[in-house]
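Listed here are the chains, written in short residue letters.
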Amino acid sequence: MSSLALYRRYRPESFAEVIGQEHVTDPLQQALRNNRVNHAYLFSGPRGCGKTTSARILARCLNCEQGPTPTPCGECQSCRDLARNGPGSIDVIEIDAASHGGVDDARDLREKAFFGPASSRYKIYIIDEAHMVTSAGFNALLKVVEEPPEHLKFIFATTEPEKVIGTIRSRTHHYPFRLVPPGTLREYLGEVCGRENSHVEDGVLPLVVRAGAGSVRDSMSVMDQLLAGAGDDGVTYAMATSLLGYTDLSLLDSVVDAFAAGDGAAAFEVVDRVIEGGNDPRRFVADLLERLRDLVILAAVPDAAEKGLIDAPADVVERMQAQASVFGAAELSRAADLVNQGLTEMRGATSPRLQVELICARVLLPAAFDDERSLQTRLDRLERGASFAAAGAGPAMGYVPGPQAHAPVAVVPPGDGVAAARAAVRGDAPEAVPPAAPAQPAQPAQYAAPAAPVAPAPAAPAPQPTPEAPAGGQRPGAWPASAAPESGRRPGGWPTASAPGQAPAPVTPAAPAPAVPAPAPGAPQPSPGMTQGAAQVRNMWPDILEAVKNRRRFTWILLSQNAQVTGFDGATLQIGFLNAGARDNFASSGSEDVLKQALAEQFNMQWKIEAIVDPSGGTGQPPQTGGGRPSAPPAPQRPAAPAPQQYESRPAPAQHQQPGAAPAAASAPQPHAAPESPRPVAPEDDTPEADDPDLVDSALSGHDLIVRELGATVVEEFTNE
């Protein structure tokens with residue numbers, strides 16, 4: 001076998017053999033047929049795409065005895081001299097401008113150019129690397145290039161045509177060469193391997209094409225290197241990946257699967273395998289970005305392989321289609337952006353492994369960022385796990401926001417609602433009072449009705465535990481993991497996803513209360529479809545409240561204290577309020593529009609809002625973990641005053657009881673945690689701002705507002721000192 005380089009052995013000898021440059025070869029062949037050949041040409045383009053080869057073919061076509069012709073005969077003396085392995089012609093002079101670009105070389109060329117050809121039709125100068133010619137050298141050539149003799153032709157070849165002075169460029173016909181498309185180059189390399197009688201495994205040629213980056217000469221050099229080191233079984237995929245430095249597909253599949261499952265341990269294990277295997281971390285990140293790009297394309301265009309948008313073997317495309325179906329659109333886009341950003345930051349990094357691990361951490365933790373893409377990623381994960389959460393079974397979601405992900409809602413003591421609301425608007429809400437210790441279940445699970453206050457028996461106050469994250473809870477931004485059993489959440493919070501088969505932790509009220517009666521016949525009952533859809537929206541409710549809070553604090557306070565999701569059918573969001581006054585206040589204060597705008601801008605959702613009065617919570621079933629509202633501790637009753645109607649109370653969930661257990665005594669008082677005294681409100685904080693959007697001068701307040709909105713009757717007023 002010849003030791004000549006592969007790209008030299010298969011150098012084209014005619015325009016028909018040049019691949020991927022039809023936009024250049026076709027006009028040149030037509031010009032030769034029409035005998036309209038210019039005196040000077042400029043071939044430009046990337047390296048290895050056929051500029052010098054096309055210049056030699058053009059010289060061969062011009063000096064052929066049957067020419068000028070687009071197809072040289074290959075039999076005349078000129079064609080044999082200019083053939084692939086020919087000795088060359090004295091009338092075709094190739095000059096390397098990198099070493100002969102000075103003014104003296106240009107003067108020598110100009111003096112010899114006027115002599116006629118020795119045995120051919122034309123004397124042709126092929127000036128390679130023309131951008132290396134100095135300005136003085138171009139100026140010395142200007143006259144002869146502008147008005148050459150009839151027998152003289154110039155062909156300039158360069159990779160940087162902008163460095164050729166304009167006076168020379170304007171006197172030539174400029175033909176820009178391009179990089180060869182991957183599909184065309186892969187077919188050509190397959191033909192070359194067939195001529196060499198070498199077996200190449202499926203998947204090797206795409207790697208060679210990628211290494212060549214569209215250059216035919218570079219791709220042929222890489223293929224020559226692989227064929228030289230091939231064994232009896234030919235060029236294998238493992239040999240090509242190790243020799244060219246590419247990441248093995250199994251590593252890419254593993255890290256992508258880890259991203260989809262939210263498995264941080266698996267992702268960091270892949271990084272360790274990459275580093276311990278001696279692979280280049282930057283190459284691994286580049287290959288990962290290439291894989292994410294393919295997944296984005298497959299998610300948008302399922303038949304991308306048939307359309308040529310993805311260059312990969314059929315089995316690899318099948319695996320990538322399965323991976324793309326697991327991700328959401330926002331997840332893939334965010335992951336690709338983060339990997340691309342990390343690849344840019346790796347330039348000059350002193351610790352590449354640390355950079356790769358940070359990239360994986362950013363992709364795995366969308367909750368650590370508060371931008372729109374991270375929020376959409378979290379919504380994608382919630383939507384993937386919504387079907388399992390609605391059915392009550394299935395694997396837990398990869399990431400669940402912890403109990404501290406949103407601001408805690410304080411348990412407001414009776415009589416201090418105004419001060420607490422103003423404190424919440426200022427952002428310094430009083431600390432939440434922890435619920436009382438759980439008691440033994442005594443009744444079937446159901447909601448409790450507001451009960452008249454009962455004077456508590458003298459008892460030692462219960463110890464006040466320090467408010468902190470519940471045991472087993474997951475802090476916001478923690479590594480993705482399933483929710484631990486008995487993981488707590490903040491009082492008054494909305495339901496979060498729980499582990500499969502995990503029973504919701506019972507929420508014990510501070511004081512016992514009788515069971516709630518059956519709802520009135522006129523109360524709206526959500527349909528089963530809306531009840532099932534409500535479970536999905538409840539998982540998103542904390543984020544919705546946060547978006548509303550950023551737009552209008554009044555609406556946020558109204559929704560977080562008095563409302564919860566009772567139904568959702570895909571187009572209409574049904575919100576249940578504890579009483580008619582809260583519902584009417586929601587409808588008349590413009591809060592419905594604020595909620596719609598928050599859903600549209602932050603979540604791209606156009607839902608209808610239906611406000612109803614539903615003291616039972618919408619389903620009549622016990623709330624999920626964190627779904628119930630703790631009842632406010634009953635205030636001590638004055639002995640002489642009658643019991644007023646309790647409009648401030650919340651429906652308290654009853655304690656759970658096993659069927660058949662004896663009912664506990666409802667009249668026995670139980671000790672409860674003493675509420676903290678409300679924070680004093682400074683006079684300047686109690687005065688509304690002039691630009692407060694919720695301030696209406698003409699609105700009622702105090703006695704008149706309570707009578708009009710709630711239909712209350714004031715029995716007695718007490719002055720707070």
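Residues numbered from 1 in each chain as written. Predicted model: local features only at pLDDT ≥ 70, side-chain atom pairs only at ≥ 80, totals over all residues. Heavy atoms only, no water.

Engineer: Sorry if this is basic, but what is going on with the nonpolar core here?
Structural biologist: Across soluble globular proteins, you tend to see nonpolar side chains buried next to one another. Counting 64 residues, the largest nonpolar core has M223, L226 and F259 as the members making the most contacts within it. Setting aside its immediate chain neighbours within four residues, L226 contacts V204, V208, V235, M239, A240 and L243. (Core = buried A, V, L, I, M, F, W, Y, C linked by side-chain atoms within 4.5 Å. Buried < 20%, exposed > 50% of the residue type's maximum accessible area, 1.4 Å probe, protein only. Contact = heavy atoms within 4.5 Å.)

Engineer: What exactly am I supposed to notice about the pattern of salt bridges here?
Structural biologist: Side-chain pairing between opposite charges can occur once the charged atoms of the two side chains come close. Evaluated as defined, the whole model comprises 20 salt bridges. In this structure, R56 engages E94 in a salt bridge whose closest nitrogen and oxygen atoms are separated by 2.6 Å. Highlighted residues: R56 in helix α3 (residues 51–63) and E94 in strand β2 (residues 92–96), separated in sequence by 38 residues. Between R186 and D311 there is a salt bridge whose closest N-O contact spans 2.4 Å. With R186 in helix α8 (residues 182–195) and D311 in the loop between α14 (281–300) and α15 (314–326), the pair connects residues that are 125 residues apart, well separated along the chain. Relative accessible area serves as the criterion here: at 33%, D311 is assigned to the partly exposed category. When salt bridges with common partners are traced through the structure, they connect D253, R291 and R319 into a single cluster. (Salt bridge = Lys/Arg side-chain N within 4 Å of Asp/Glu carboxyl O. Helix = DSSP H or I, 4+ residues; strand = E, 2+ residues; numbered from the N terminus.)

Engineer: Is there a simple way to think about the confidence of the model for the protein chain in this case?
Structural biologist: Detailed reading of the predicted coordinates is not advisable wherever pLDDT falls low. The share of residues in the protein chain with pLDDT of 70 or more is 63%, and the mean pLDDT across the chain is 73. Predicted confidence for residues 387–523 stays below pLDDT 50, and this span has 247 contacts to residues more than four positions away or in other chains. Every residue in residues 619–675 is under pLDDT 50, and counting partners more than four places away or in other chains gives 126 contacts. (pLDDT = per-residue confidence, 0-100.)

Engineer: I'm lost on the packing of helix α12 (residues 249–261) against helix α13 (residues 264–276) in this one. Help?
Structural biologist: Two quantities define a packed helix pair, namely the angle between the helix axes and the distance between the axes. At a closest axis distance of 8 Å, the pairing of α12 and α13 adopts a crossing angle of 155 degrees. The orientation of α12 relative to α13 falls into the category roughly antiparallel. Crossing hand, α12 versus α13: left-handed. For the pair α12 and α13, contact is made by S250, L251, S254, V255, A258 and F259 and by A266, A267, V270, R273 and V274, respectively. Among the residues making up the contact of α12 with α13, the classes are represented as 8 nonpolar, 2 polar and 1 charged. (Axes fitted to C-alpha atoms, helices over the stretch in contact; angles between N-to-C directions. Parallel < 35°, antiparallel > 145°, perpendicular 65-115°, else oblique. Left-handed = near helix turned anticlockwise from the far one by under 90°. Nonpolar A, V, L, I, M, F, W, Y, C, P; charged D, E, K, R; others polar.)

Engineer: Please explain the side chain of S14 as it appears in this structure.
Structural biologist: Structurally, the position occupied by S14 is in the loop between α1 (6–9) and α2 (22–34). We classify S14 as buried; its relative accessible area is 16%. Apart from the residues within four sequence positions on either side, S14 is in contact with I57 and P72.

Engineer: How should I be thinking about the sheet that holds strand β9 (residues 608–613) in this particular structure?
Structural biologist: Overall, mixed pairing links the 3 strands, which are arranged β7-β8-β9 in an open sheet. Taken across any chain shown, the strands that pair with only one partner, and hence form the sheet edges, are β7 (563–568) and β9. Put simply, the sheet's adjacent strands are angled 30 degrees from each other on average, direction ignored. Pairing of strand β8 (residues 572–577) with β9, which is carried by 6 bridges, proceeds in the parallel orientation. Bridged to T572 within β9 is K608. (Pairing = 2+ DSSP bridges.)

Engineer: So what exactly am I meant to see when it comes to the packing of aromatic side chains here?
Structural biologist: Two numbers describe a pair of aromatic rings. These are the distance of the centres and the angle of the planes. Evaluation of the coordinates by the stated rule reveals 8 aromatic pairs. Each ring, one from F577 and one from F586, has its centre 5.1 Å from the other, and the planes form 40 degrees; the classification is tilted. An aromatic cluster is defined as three or more aromatic residues linked by ring pairs; in this entry it consists of Y41, F43, Y175 and F177. Taking NZ or CZ as reference, K549 lies 4.6 Å from the ring centre of W556, over its face. (Phe/Tyr/Trp six-rings, centres within 6.5 Å; stacked < 30°, edge-to-face > 60°. Lys NZ or Arg CZ within 6 Å of the ring centre and 35° of its normal.)

Engineer: How should the pairing of strand β4 (residues 152–158) be read in this particular structure?
Structural biologist: Looking down a regular strand, the side chains alternate between one sheet face and the other. By the criterion of burial, β4 is predominantly enclosed, with 7 of the 7 residues buried. Of the two faces of β4, the one holding L152, F154, F156 and T158 and the one holding K153, I155 and A157 are both buried throughout. One ladder, built from 5 bridges, connects strand β1 (residues 40–44) with β4; its direction is parallel. Across the sheet, the residue bridging to F43 is A157, located in β4. With 6 bridges connecting them, strand β3 (residues 123–128) and β4 associate as parallel partners. In the sheet register, K123 faces β4, and the bridge partner there is L152. With helix α6 (residues 135–146) bridging β3 and the parallel β4, this β-α-β connection has right-handed handedness. (Right-handed = clockwise from strand over helix to strand, strands pointing away.)

Engineer: When you look at the packing of α8 against helix α9 (residues 204–212) in this model, what are you seeing that I'm missing?
Structural biologist: Following both chains from N to C, one finds α8 and α9 inclined at 120 degrees, their axes separated by 10 Å at the closest point. If you check the angle between α8 and α9, you find them oblique. For the pair α8 and α9, the sense of crossing is right-handed. The residues of α9 that touch α8, namely those facing P182, L185, R186, L189 and G190, are L205, P206, V208 and V209. Looking at side-chain class alone, the contact of α8 with α9 contains 7 nonpolar, 1 polar and 1 charged residues.

Engineer: Teacher, can you tell me more about the sheet that holds β3 here?
Structural biologist: Sheets are built from strands paired through backbone hydrogen bonds, the pairs being either parallel or antiparallel. The strand order β2-β3-β4-β1-β5 describes an open sheet built from 5 strands, whose pairing is parallel. Only two strands of the sheet have a single neighbouring strand rather than two, namely β2 and β5 (173–176). Each strand axis lies, on average, 15 degrees off the axis of its neighbour in the sheet, ignoring direction. Alignment of β1 against β5, held across 4 bridges, turns out to be parallel. From the neighbouring strand, S44 faces β5, where its bridge partner is P176. Strands in contact with helix α5 (residues 103–113) are β2, β3 and β4; relative to β3, the strand with the most contacts, it is inclined by about 165 degrees.

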